[in-house]
Amino acid sequence: MTRAVIVATCSLNQWALDFEGNLRRILESIRIAKAAGGRLRVGPELEIPGYGCNDHFWEADTITHSWEVLAVILEAPESSNIVIDVGMPVVHNGVTYNARVICLNGQILLIRPKLCLANDGNYREARWFTAWKKRRVTERFLLPETIQQCKAGQSETL
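The rules behind these values
Residues numbered from 1 in each chain as written. Predicted model: local features only at pLDDT ≥ 70, side-chain atom pairs only at ≥ 80, totals over all residues. Heavy atoms only, no water. Helix = DSSP H or I, 4+ residues; strand = E, 2+ residues; numbered from the N terminus. Rg over C-alpha atoms; globule rule 2.2 N^0.38 Å. Buried < 20%, exposed > 50% of the residue type's maximum accessible area, 1.4 Å probe, protein only. Contact = heavy atoms within 4.5 Å. Areas by Shrake-Rupley, 256 points an atom, 1.4 Å probe, with all protein chains shown as cover. Lys, Arg positive; Asp, Glu negative; His and termini not counted. Charge placed at Lys NZ, Arg CZ, Asp CG, Glu CD. Patch = residues over 30% accessible without salt bridge, like charges linked within 9 Å, V, L, I, M, F, W, Y side chains within 5 Å. Salt bridge = Lys/Arg side-chain N within 4 Å of Asp/Glu carboxyl O. Phe/Tyr/Trp six-rings, centres within 6.5 Å; stacked < 30°, edge-to-face > 60°. Expected span 1.5 Å × (residues − 1).

Draft legend 1. The arrangement of the overall build of the protein chain in detail. Scanning the protein chain for helices and strands turns up four helices and seven strands. Secondary structure elements of the protein chain occur, N-terminal to C-terminal, as β-α-β-α-β-β-β-α-β-α-β. Taking 2.2 N^0.38 as the reference for a compact globule, 158 residues should give roughly 15 Å; the C-alpha atoms of the protein chain span a radius of gyration of 15 Å, in line with that estimate. Going through the 158 residues of the protein chain one by one, you find that 44% of them count as buried. Of all intrachain contacts in the protein chain linking residues separated by at least 6 positions in sequence, the fraction that spans at least 24 positions is 58%. Accessible surface, the protein chain: about 8600 Å² in total, of which carbon and sulfur atoms supply 52%. Here the protein chain holds 18 positive side-chain charges and 17 negative ones, and the gap between their average locations is 9 Å.

Written out as C-alpha cells, the structure reads:
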C-alpha cells in the first residue's frame with residue numbers, strides 16, 4: 001500500500017528582526033499549507049528572526065524573541081494537525097546553532113542544528129553559528145521558560 005504525504009515548502013519574504021511581520025507570514029503559510037492538504041510545512045532557514053540578522057545573532061534578544069515567536073506558533077490554532085518545520089537560532093550549552101525546530105500540535109518534537117555552514121562568497125554563517133559536530137548523537141535540551149510556560153513541555157531532544 002502506498003501512502004502519499006503532501007509537503008508544503010515555503011519561500012517567505014522574511015525581514016531581519018521583523019519578528020511580528022515574520023510571525024504573520026509564517027502563520028499565513030501554515031494556513032495555506034493546510035488548505036492545500038499539506039501534512040508537513042517546511043519554512044526557510046532562520047525564518048523566525050530573518051536570515052540577514054548578521055551580528056544581531058550575537059545578541060541575546062534575537063534568541064529570546066525567536067523563542068517568543070515560536071511560543072505563539074505552538075499555541076496558534078493554525079498549527080494543529082500539521083508538522084511544522086521552522087528555522088531559528090538556538091543556544092545549547094553556550095553555543096549558538098542555526099537550527100530547524102520540528103513541531104506538531106503544540107509540541108516540539110525535535111531541534112536539529114545545521115551540520116554544515118555556508119561560509120564562502122556572500123555567506124559567513126561560521127561568524128555567528130557553530131556547525132553541529134555530534135552526528136547520530138542526541139542530547140537533552142532544556143527549553144526556555146517562554147516555551148515551558150506554553151504547552152510544549154520542559155525539555156526536548158537536540
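There is more to say after this.
Draft legend 2. View of a positive patch on the surface. The grouping of Arg-112, Lys-133, Arg-135 and Arg-136 at the surface amounts to a positive patch. Within the secondary structure, Arg-112 sits in strand 5 (residues 107-113). In this structure Arg-112 comes out as partly exposed when scored by relative accessible area, which is 36%.

Draft legend 3. Spatial organisation of the packing of aromatic side chains. A complete count under the given rule lists five aromatic pairs for this structure. The interplanar angle of 80° and the centroid separation of 6.4 Å between the aromatic rings of Tyr-51 and Tyr-123 together place this pair among those described as edge-to-face. Pair noted here: Tyr-51 is in the loop between strand 2 (40-42) and helix 2 (60-75) and Tyr-123 is in the loop between strand 5 and helix 3 (125-128), with a separation of 72 residues, a long-range link. With 6.3 Å between their ring centres and 55° between their planes, Phe-57 and Trp-128 make a pair best called tilted. Highlighted residues: Phe-57 in the loop between strand 2 and helix 2 and Trp-128 in helix 3, separated in sequence by 71 residues. By the burial criterion, Phe-57 is buried, and Trp-128 matches it. Within the aromatic cluster, the residues linked to one another by ring pairs are Phe-57, Trp-128 and Phe-129.

Draft legend 4. Structural context of the pattern of salt bridges. Enumeration according to the criterion identifies nine salt bridges in this entry. For Lys-114, the salt bridge identified is with Glu-45, shortest N-O distance 2.6 Å. Placement of Lys-114 in the loop between strand 5 and helix 3 and of Glu-45 in the loop between strand 2 and helix 2 is noted, with a sequence separation of 69 residues between them. You can call Lys-114 partly exposed: its relative accessible area is 22%.

Draft legend 5. Structural detail: helix 2. Along its 16 residues, helix 2 runs 23 Å from first to last C-alpha, staying within 8% of the 22 Å computed at 1.5 Å per residue. Taken together, the buried positions of helix 2 are Thr-62, Ile-63, Ser-66, Trp-67, Val-69, Leu-70, Ala-71, Ile-73 and Leu-74. Those residues of helix 2 that are buried lie in contact with helix 1 (19-35), strand 3 (83-92), strand 4 (95-104), strand 5, strand 6 (140-142) and helix 4 (145-148).

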